[in-house]
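Geometric and topological summary
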Amino acid sequence: MSTTRGQWGSRLGFILAAAGSAIGLGNIWKFPYITGENGGGAFVIIYLCCIALVGLPILLGEILIGRMAQTSPVGAFQKLARPKSPWMGVGFLGVIASVVVLSYYSVVAGWAIHYTVGSVTGSVLNADIAQSKAAFGALYENGMLNVIYHSAFMFATALIVIGGIQKGVERASRVLMPTLFIFLIILAIYASRLSGFPKAFNFVFGFHTHDLKPAGVLEALGHSFFSLSVGMGAMLTYGSYLSKHDDIVAASIATTVLDTLVALLACVILFPITFTAGIAPSSGPGLVFINMPVALAGLPGGALLATVFFVLLVFAAITSSISMLEVICAYFIDEKGWSRKKAVITTSIFIFLLGIPSALSGGKGFFGAGVTQIVGKNWFDAFDYLASNWMLPLGGLGIALFAGYRIDAAARAADFADGSRLGKLLFVYMGWLQLIRFVAPIAILFIILHAIGVV
Ligand code: TRP
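Throughout what follows, the structure given in this document is the object of discussion. (Residues numbered from 1 in each chain as written. Predicted model: local features only at pLDDT ≥ 70, side-chain atom pairs only at ≥ 80, totals over all residues. Heavy atoms only, no water.)

Regarding the overall build of the protein
A count of helices and strands for the protein gives 18 helices and zero strands. Radius of gyration (C-alpha) of the protein: 21 Å, near the 23 Å computed for a compact globule of 455 residues. Burial analysis of the protein (455 residues in total) assigns 60% to the buried set. Counting contacts in the protein only where the partners sit at least 6 residues apart, residues at least 24 apart contribute 81% of the total. Here the protein displays about 16900 Å² of accessible surface, and carbon together with sulfur accounts for 70% of that area. Taken together, the 26 basic and 18 acidic charged side chains of the protein have centroids lying 6 Å from each other. (Helix = DSSP H or I, 4+ residues; strand = E, 2+ residues; numbered from the N terminus. Rg over C-alpha atoms; globule rule 2.2 N^0.38 Å. Buried < 20%, exposed > 50% of the residue type's maximum accessible area, 1.4 Å probe, protein only. Contact = heavy atoms within 4.5 Å. Areas by Shrake-Rupley, 256 points an atom, 1.4 Å probe, with all protein chains shown as cover. Lys, Arg positive; Asp, Glu negative; His and termini not counted. Charge placed at Lys NZ, Arg CZ, Asp CG, Glu CD.)

Have a look at this one:
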């Protein structure tokens, strides 16, 4: 065990880092497009319920386990259960999920780099929808370009994580997160003055149940995990760098509120622009990369707005990717006694290599559309499917059950309340316990049964 473990410099630093982990491509790229595909309103409300009743309790459980154990996920489960306890499988699953998700997340972040550069030079603007679609398709198929952007993004991630907790992760989050909030609010004000705003507002916040299908409910649940970064030990690891007297109840609530606000803000920005440009809201994963440039190109100051928007997307992605890399490195630092430098360099090279097939997935070659790969999908889609449908729900289930039934009850109650005014209220603690023991596991079981086609 390393004797000089990192610690957060301040409570705000921790909240910004945790919010930085949660807020990412999931909020700005994925949430708006799945909202669009599921018809808006009702999906948003279901999502908010999933966040409050399942996501938040598990987030709190993860941070609690991390803080109690003060070590990486794999060690944490052994420390709080017993050495070599099978529970450590949950920790291992988290480390593996982080490797898998980071390897393809970096490729999508690479697209955001491409669109940032293209907004500055203007090469991705001035296109109509057909041209924009073709441009995105050309990027998707260009394996070499994807590998280059992927390597650049992994390099930047490694550079921050090598700096350690306070000098790397916390410092980056302290600068990047407030910048992100400020610019998103400016963009939202801009969007609120567009002619498509009322229609967009009604689309996102109106209650249209007829468009919501059962699959949408499950998608909302799965996405609430992904968005809050729970189920793979990332929040557990960040929690392990907290001191005993930090208020984890308030920090979890703050993280959840910020994450949700950014997802909603992204909708409030994207849909007015989309409606004003007369584009359908249900255009899938291309909503950001295909529609935004077209929509913005037609607006005054569009090139500048597009640049700001895609830079923010890169920022949001990097404060998430550093937390994934941190989980993986914490394992080697805490369990194997590696130096931070050795851990970061070795693991990021490995993840870079593992991401290459995802970067090549859009092409016609071995990993892409030409040859059917794992579970009938190309490599990129297969990784996303395995992580979202299997690894995160299973990890979340493990965390909920461990926090709800396995850890010492007296220590759990004391740690929950330590340093927290809210945590000392009995109904808050009992409410959380019921959610994590019953509501969360049942909901997750439901996702898993859906994934194997039973319900
Ligand atoms: N929450 C991130 C996003 O919304 C993605 C993510 C999922 C993540 N699991 C994670 C980030 C674990 C960091 C750690 O984009």
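Regarding the site of the ligand
Lining the immediate environment of the ligand, one finds 15 residues, of which Ala 22, Gly 26, Tyr 105, Phe 226 and Ser 323 sit closest. Phe 226 is positioned with one of its backbone polar atoms (N or O) 2.7 Å from a nitrogen atom of the ligand. Within the complex, 100% of the 360 Å² of free accessible area of the ligand lies under protein. Of all the elements in the fold, those that place two or more residues in the shell around the ligand are α1 (11-22), α2 (25-37), α10 (214-228) and α14 (302-336). Considered class by class, the residues forming the shell around the ligand number seven nonpolar, eight polar and no charged. (Near = heavy atom within 4 Å. Polar contact = N/O pair within 3.5 Å; in protein donor to acceptor, adjacent residues only side chain to side chain. Nonpolar A, V, L, I, M, F, W, Y, C, P; charged D, E, K, R; others polar.)

Section: the environment of Glu 326
Mapped onto the secondary structure, Glu 326 falls in helix α14. A relative accessible area of 0% places Glu 326 in the buried class. The residues touching Glu 326, leaving out its near neighbours within four places in the chain, are Val 161, Ile 165, Val 169, Thr 237, Tyr 238, Tyr 241 and Arg 340. Within the structure, the side chain of Glu 326 is placed 3.0 Å from the side chain of Arg 340, a separation counted as a polar contact.

Concerning the packing of aromatic side chains
Scanning the entire structure with this criterion turns up 32 aromatic pairs. Considering the side-chain rings of Phe 203 and Phe 271, the 5.1 Å spacing of their centres and the 65 degrees angle between planes classify their relative orientation as edge-to-face. Of this pair, Phe 203 sits in helix α9 (residues 197-205) while Phe 271 sits in helix α12 (residues 248-276), and the two are 68 residues apart along the sequence. Among the residues examined, Phe 271 registers a relative accessible area of 0% and is labelled buried. Each ring, one from Trp 379 and one from Phe 383, has its centre 5.2 Å from the other, and the planes form 45 degrees; the classification is tilted. (Phe/Tyr/Trp six-rings, centres within 6.5 Å; stacked < 30°, edge-to-face > 60°.)

Side note on unusual backbone geometry
Even without a glycine there, the phi angle at Gln 70 is positive, about 55 degrees. Looking at the element boundaries, Gln 70 is found in the loop between α3 (41-69) and α4 (73-80). For Gln 70, a relative accessible area of 22% gives the class partly exposed. Look at Lys 84: it is not a glycine, yet its phi comes out positive at around 65 degrees. On the accessibility criterion, Lys 84 (65% relative accessible area) is exposed.

Describing the side chain of Thr 116
Inspection of the secondary structure puts Thr 116 in helix α5 (residues 88-121). Sequence-distant contacts of Thr 116, defined by excluding residues within four places in its chain, comprise Phe 310, Val 311 and Val 314.

Some remarks on helix α13 (residues 286-297)
Here α13 spans 16 Å end to end across 12 residues, near enough to the 16 Å set by a 1.5 Å rise per residue. Burial within α13 is extensive, with 11 of its 12 residues counted as buried. Buried positions along α13 lie against α2, α5, α6 (129-141), α12 and α14. (Expected span 1.5 Å × (residues − 1).)

Here we look at the packing of helix α15 (residues 340-359) against helix α16 (residues 379-406)
Running from N to C, α15 and α16 cross one another at 115 degrees; their axes reach a closest spacing of 7 Å. Where α15 approaches α16, its residues Leu 354, Pro 357 and Ser 358 are matched on the opposing element by Trp 379, Phe 380 and Phe 383. Here the contact of α15 with α16 is built from residues that sort into five nonpolar, one polar and no charged. (Axes fitted to C-alpha atoms, helices over the stretch in contact; angles between N-to-C directions.)

Comments concerning the pattern of salt bridges
Per the stated rule, a full pass over the model turns up four salt bridges. Arg 174 is paired through a salt bridge with Glu 170; the nearest N and O atoms lie 3.7 Å apart. Residue Arg 174 and its partner Glu 170 are located together in helix α8 (residues 165-192), separated by four residues, close to a single helical turn. Given a relative accessible area of 39%, Arg 174 falls into the partly exposed group. The shortest N-O distance in the salt bridge between Glu 326 and Arg 340 comes to 3.0 Å. Placement of the pair is Glu 326 in helix α14 and Arg 340 in helix α15, with a sequence separation of 14 residues. (Salt bridge = Lys/Arg side-chain N within 4 Å of Asp/Glu carboxyl O.)

Section: the nonpolar core
Formed by 160 residues in total, the largest nonpolar core has its most connected members in Trp 8, Phe 14, Ile 58, Ile 65 and Phe 289. Broken down by element, this core gets its largest block of residues, 19 residues, from α14. Once residues within four sequence positions are removed from consideration, Phe 14 is found in contact with Trp 8, Ile 63, Tyr 238, Gly 239, Leu 242 and Ala 251. (Core = buried A, V, L, I, M, F, W, Y, C linked by side-chain atoms within 4.5 Å.)

Some details on the state of the cysteines
According to the stated counting rule, one finds zero disulfides in the structure shown. The cysteine Cys 50 is free of any disulfide, with Cys 49 supplying the nearest cysteine sulfur at 6.9 Å. Taking the relative accessible area as the measure of exposure, Cys 50 reaches 9% and is therefore buried. (Disulfide = S-S within 2.5 Å.)

Structural notes on the side chain of Thr 319
Among the secondary structure elements, Thr 319 is positioned in helix α14. In this structure, Thr 319 is in contact with Gly 20, Ser 21, Ile 23, Ser 173, Leu 176 and Met 177, ignoring residues within four places of it in sequence.

A word on a nonpolar patch on the surface
Side chains of Ile 253, Val 257, Leu 261, Leu 422, Leu 425 and Phe 427 sit close together on the surface and give an oily, nonpolar patch of about 530 Å² of accessible area. When residues of the nonpolar patch are assigned to their parent elements, the largest contribution, three residues, is made by α12. The class for Val 257 is partly exposed, based on a relative accessible area of 43%. (Patch = residues over 30% accessible without salt bridge, like charges linked within 9 Å, V, L, I, M, F, W, Y side chains within 5 Å.)

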